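# Structural features, examined
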Amino acid sequence: MKLPATFENLIEDATKLNLYKKLVSQLNKDFLYANIDLDFDEDILPTSLKLLLQDTIYRLIQEKFTEYLNLLYIIDVPEHQIKALDGNDALQLSENVSFLILKREWQKVWFRHQYS
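Now for a description of the structure that goes with this document. (Residues numbered from 1 in each chain as written. Predicted model: local features only at pLDDT ≥ 70, side-chain atom pairs only at ≥ 80, totals over all residues. Heavy atoms only, no water.)

## Digging into unusual backbone geometry
With the exception of glycine, most residues fall at negative phi, and the peptide bonds are largely trans. Our working definition: Secondary structure elements are defined from DSSP: runs of H or I of at least 4 residues count as helices, runs of E of at least 2 residues count as strands, and each element is numbered from the N terminus. Exposed residues in this analysis have more than 50% of their type's maximum accessible area, buried residues have under 20%, and partly exposed residues fall in between, with area computed by a 1.4 Å probe over protein chains only.
Positive phi values are uncommon outside glycine, yet Asn-18 reaches one of about 55°. Tracing the backbone through its elements, the reader meets Asn-18 in the loop between helix H1 (7–16) and helix H2 (20–33). Classification of Asn-18 as exposed rests on a relative accessible area of 68%. In this model, Asn-35 sits at a positive phi of 60°, which is unusual for a non-glycine residue.

Shown next, in the form of structure tokens:
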């Protein structure tokens with residue numbers, strides 16, 4: 001599996017394979033497991049999904065860091081990828097982390113689709 005390089009590529013792949021709603025559903029499931037009150041509507045526009053996710057990650061980094069770390073653990077974002085990010089700008093960090101989260105969730109959905 002070749003992972004998408006950008007958010008747009010990820011959404012394009014998910015839409016092409018009719019897996020966008022499953023991606024949103026997987027996000028909702030993992031946020032619920034992490035006990036974070038965020039529930040995306042199944043029909044949310046990709047741009048809205050991106051902005052809402054980034055805003056949530058930004059708030060978690062700023063206000064609830066333990067919950068943020070727990071979310072990363074539950075979603076299973078590789079630690080080395082998080083450590084490789086520049087943490088000086090929290091806004092940029094939240095954007096990058098959001099993309100890493102979406103990539104990991106996309107992997108889960110894609111593998112489940114391919115091998116079920």
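## Quick notes on the packing of aromatic side chains
Working definition: an aromatic ring pair is given by the centre-to-centre distance plus the angle between the planes. Worth spelling out the cut-off: In this scheme Phe, Tyr and Trp rings, the latter by its six-membered ring, pair at centre separations within 6.5 Å, and the angle between planes marks the pair as stacked below 30 degrees, edge-to-face above 60, and tilted otherwise.
According to the stated counting rule, one finds four aromatic pairs in the structure shown. Measuring from ring centre to ring centre gives 5.3 Å for Phe-65 and Tyr-68, while their planes differ by 40°; the resulting arrangement is tilted. Residue Phe-65 and its partner Tyr-68 are both found in helix H4 (residues 65–75); the two are separated by three residues, about one turn of the helix. Looking at Phe-65, the relative accessible area reads 43%, which means it is partly exposed. Taking the centre distance of 5.1 Å and the plane angle of 80° together, the rings of Trp-110 and Phe-111 count as edge-to-face. A relative accessible area of 16% means that Trp-110 is categorised as buried.

## Let's talk about the side chain of Asp-30
Worth spelling out the cut-off: The contact criterion used throughout is that any non-hydrogen atoms of two residues lie within 4.5 Å.
The residue Asp-30 is located in helix H2 in this model. For Asp-30, the contacting residues outside a window of four places in its chain are Leu-71, Ile-74, Ile-75, Glu-105 and Lys-108.

## With respect to the nonpolar core
The condition is simple: Working definition of a nonpolar core: buried Ala, Val, Leu, Ile, Met, Phe, Trp, Tyr and Cys residues. They are joined through side-chain atoms within 4.5 Å.
Counting residues in hydrophobic clusters, the biggest one holds 35 residues, and the most contacted among them are Ile-57, Leu-71 and Ile-101. With nine residues, the single largest contributor to this core is helix H6 (residues 90–114). When residues no more than four places from it in sequence are discounted, the contact partners of Leu-71 are Asp-30, Phe-31, Ala-34, Ile-36, Ile-57, Leu-60 and Ile-101.

## Overview of the environment of Ile-101
Looking at where Ile-101 falls in the secondary structure, it is placed in helix H6. Each C-alpha atom of the pair Ile-101 and Glu-67 lies 14 Å from the other, and the pair is 34 residues apart in sequence.

## Topic: a negative patch on the surface
Applicable threshold: Nonpolar side chains (Val, Leu, Ile, Met, Phe, Trp, Tyr) within 5 Å and like charges within 9 Å form the patches, drawn only from residues with over 30% relative accessible area and no salt bridge. Using the Shrake-Rupley algorithm and a 1.4 Å probe, accessible areas are obtained, with residue cover drawn only from the displayed protein chains. Salt bridges are defined as contacts in which a side-chain nitrogen from Lys or Arg sits within 4 Å of a carboxyl oxygen from Asp or Glu. Only four residue types enter the charge count: Lys and Arg as positive, Asp and Glu as negative, with His and the chain ends excluded. By convention, the charge on Lys lies at NZ, on Arg at CZ, on Asp at CG and on Glu at CD.
On the surface, Asp-37, Asp-39, Asp-41 and Glu-42 cluster together to form a negatively charged patch. Looking at the element boundaries, Asp-41 is found in the loop between H2 and helix H3 (46–63).

## Some words on H4
To keep it simple, the criterion reads: It is the directions from the helix axis to the C-beta atoms that the arc portrays.
If you check which residues of H4 are buried, you get Tyr-68, Leu-71, Leu-72 and Ile-75. End-on view of H4: buried residues confined to an arc of 95°, all on one side of the axis. Away from its buried face by more than 90 degrees, H4 exposes Thr-66 and Tyr-73. Each element contacted by the buried residues of H4 is listed here: H2, H3, helix H5 (79–83) and H6. Looking one or two residues past H4, Asp-76 carries a phi angle of roughly 75°, positive in sign.

Geometry only, nothing functional implied.
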